[in-house]
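Single-letter residue listing:
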Amino acid sequence: MDIEKIRLDFPILHTTVNGKPLVYFDNGATTQKPLAVTRAIETYYNTYNSNVHRGVHTLSQKATMAYEEARTTVAGFINAQPEELIFTKGTTDAINLLAYTFGKKFIKEGDEIIISAMEHHSNIVPWQLCCEERKAVLKVVPINENGELLMDEFERMLSDKTKLVAITYVSNTMGTINPVRDIIRLAHARKVPVMLDAAQAVQHIAVDVKELDVDFMAFSGHKLYGPTGIGALYGKLSWLEQLPPYQGGGDMIKTVSFDKTVYADPPLRFEAGTPNIAGAIGMAAGVKYIIGIGLDKIATTERILTEYALERLSSIDGLRLIGMAEHRGPTFSFVIGNSHPTDVGELLDQQGIAVRTGHHCTQPLMDRYCIPGTARASLSFYNTPEEIERLVDGINKAMKLLKR
Ligand code: PMP
């Protein structure tokens, strides 16, 4: 991969922060956007901005075509059919949609939903709301010290009461890649559907929903080199057809009268109101950009960066990595002695290095490790070994200052 050439696609990577060349290691929060994405959005607004689905005029038809093509592109990226892909505001919105509609149809008093100890709050709270509403029970698969799921416990938890397993593919805090194939196999053996939170997966791993046989999957455009405010929920058509609407409004109906409203088929049944047209077009541009590079090349580049970062970070005396799973992506959480992660983050920022600090929306995971938070460096294929060296130097400098 010609990294220097690729980096030219991302103007922000050539800027400075606090007088230093930017090292952007906050890709888990959001990735930077290539020109292909910003240009696709600009072209839409400058040349064919119009509302979709209900216009006969040329611009509206053009916008409708681009919006539906975007659906086909994003669906194709995960090997789904376009009608199985609902555009949402992001992963959070996708999971809330599923929790509401699946909960309403399938969850009853005493039923159980299984999540894990490493979930992002957006794969915890919607299920808590659902369980509260339906008087159901939320079960949590524990993890070991390395940040890996205890699969025996998971297997033991599955029962006739289990109605859904909702688990993250990749941990946003520790980078752990979960054994999703085993999870799906074990759940399906009990006829339990599985939803994967793939917010941290689809940008790193080639995901084929058909091959995985996963029932639902949520992901965000902005972590996939696309814009914010757009994401997707994949659902097997056989499931989506059974689910009631999430919100009511325009675009999600076939006919409306005061006596009876007939809802549209999926996916439009779940897309009430004017959608984020520019967002969908931008998300598709991000997906096309990734396809253009190749997820296999991205995975190889990121594997090399991961190994290098692990080796270099492990060599720092006094730095504790949180979560040391063998099967992992390019995301590293660490704590330094008794220092507060915010101080570490600020000292790195002064050196132009962007990392995230805090609980990363995984407070129960922080409780599991008895820590208030971590500093997290999350890498992308456009990062370099030189930038990892800048991080290591930055951490060493920060440690000296923190010791004073
Ligand atoms: N799940 C995981 C694993 C995440 O990393 C994130 C984003 N940090 C989310 C869910 C929520 O995504 P969004 O904020 O884009 O809705």
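What you are looking at is a predicted structure, and each value in this text was computed from that prediction instead of being measured. (Residues numbered from 1 in each chain as written. Predicted model: local features only at pLDDT ≥ 70, side-chain atom pairs only at ≥ 80, totals over all residues. Heavy atoms only, no water.)

This part takes up the UniProt feature "domain: Aminotransferase class V" (unreviewed entry) in the chain. As recorded in UniProt, the sites labelled "domain: Aminotransferase class V" (unreviewed entry) are residues 23-391. The annotated region residues 23-391 carries 39% helix and 17% strand content, and the separation between its end C-alpha atoms amounts to 8 Å. (UniProt positions renumbered as here; feature names shortened; annotations may be inferred. Helix = DSSP H or I, 4+ residues; strand = E, 2+ residues; numbered from the N terminus.)

Domain parsing of the chain yields domain 1 (3-32 + 295-403) and domain 2 (38-291). Relative to domain 2, the C-alpha centre of domain 1 lies at a distance of 28 Å. Each partner contributes residues to the interface: domain 1 has 40 residues there, and domain 2 has 31 residues. Carbon and sulfur atoms supply 52% of the area that domain 1 and domain 2 bury against each other, a total of about 2,800 Å² over both sides. It is Leu295, Leu365 and Arg368 that lose the most area in domain 1 upon contact with domain 2, and together they represent 21% of the buried surface on that side. There are two salt bridges connecting domain 1 and domain 2. Where Glu145 meets Arg320, a salt bridge forms, and the shortest distance between an N and an O atom there is 3.9 Å. In this assembly, domain 1 and domain 2 are joined by 28 residue pairs in polar contact (both at pLDDT 80 or more). Of all the elements in the fold, those that place two or more residues in the side of domain 1 that touches domain 2 are helix H11 (295-314), strand E13 (319-322), strand E14 (331-336) and helix H13 (363-368). Ranked by residue count, the leading element in the side of domain 1 that touches domain 2 is H13, at five residues. (Domains from an automatic or database assignment. Contact = heavy atoms within 4.5 Å. Buried area = accessible area lost by both parts, 1.4 Å probe. Salt bridge = Lys/Arg side-chain N within 4 Å of Asp/Glu carboxyl O. Polar contact = N/O pair within 3.5 Å; in protein donor to acceptor, adjacent residues only side chain to side chain.)

The end-to-end C-alpha separation of helix H10 (residues 277-293) is 25 Å, in line with the 24 Å expected for 17 residues at 1.5 Å each. Of all the 17 residues making up H10, 14 are buried; the element is thus mostly covered by neighbouring parts of the structure. Its side-chain oxygen placed 2.7 Å from the backbone nitrogen of Gly279, Asn276 serves as the N-cap of H10. (Expected span 1.5 Å × (residues − 1). Buried < 20%, exposed > 50% of the residue type's maximum accessible area, 1.4 Å probe, protein only.)

Time to look at the site of the ligand. Taken together, Thr91, Thr92, His120, Ser122, Thr168, Asn172, Asp197, Ala199, Gln200, Ser220, His222 and Lys223 make up the full set of residues near the ligand. Within the side chain of His120, a nitrogen or oxygen atom sits 3.2 Å from a nitrogen atom of the ligand. Ser220 is positioned with one of its side-chain polar atoms (N or O) 2.7 Å from an oxygen atom of the ligand. Protein coverage of the free-state accessible area of the ligand, which is 390 Å², stands at 85%. Counting atoms within 2 Å of the grid points, the majority share of the ligand lands in the largest pocket. In terms of residue class, the shell around the ligand is built from one nonpolar, nine polar and two charged. (Near = heavy atom within 4 Å. Areas by Shrake-Rupley, 256 points an atom, 1.4 Å probe, with all protein chains shown as cover. 1 Å grid on protein atoms, 1.4 Å probe; cavity = no way out; pocket = protein on both sides within 12 Å on 5 of 7 lines; lining within 4 Å. Sits in = over half its atoms within 2 Å of the grid points. Nonpolar A, V, L, I, M, F, W, Y, C, P; charged D, E, K, R; others polar.)

With that settled, consider the environment of Met324. Tracing the chain through its elements places Met324 in the loop between E13 and E14. Each C-alpha atom, one on Met324 and one on Glu145, is 8.0 Å from the other, the two residues being 179 residues apart in sequence.

For any two helices packed against each other, the geometry is given by the interaxial angle and the distance between the axes. Interhelical geometry of H11 versus helix H14 (residues 385-403) gives an angle of 20° and a closest axis separation of 10 Å. With respect to H14, the axis of H11 lies roughly parallel. Of the two elements, H11 crosses H14, and the hand of that crossing is right-handed. In contact with Leu305, Tyr308, Ala309, Arg312 and Leu313 of H11, H14 contributes Pro385, Ile388, Glu389, Leu391, Val392 and Ile395. Of the residues in the contact of H11 with H14, the class split is nine nonpolar, no polar and two charged. (Axes fitted to C-alpha atoms, helices over the stretch in contact; angles between N-to-C directions. Parallel < 35°, antiparallel > 145°, perpendicular 65-115°, else oblique. Left-handed = near helix turned anticlockwise from the far one by under 90°.)

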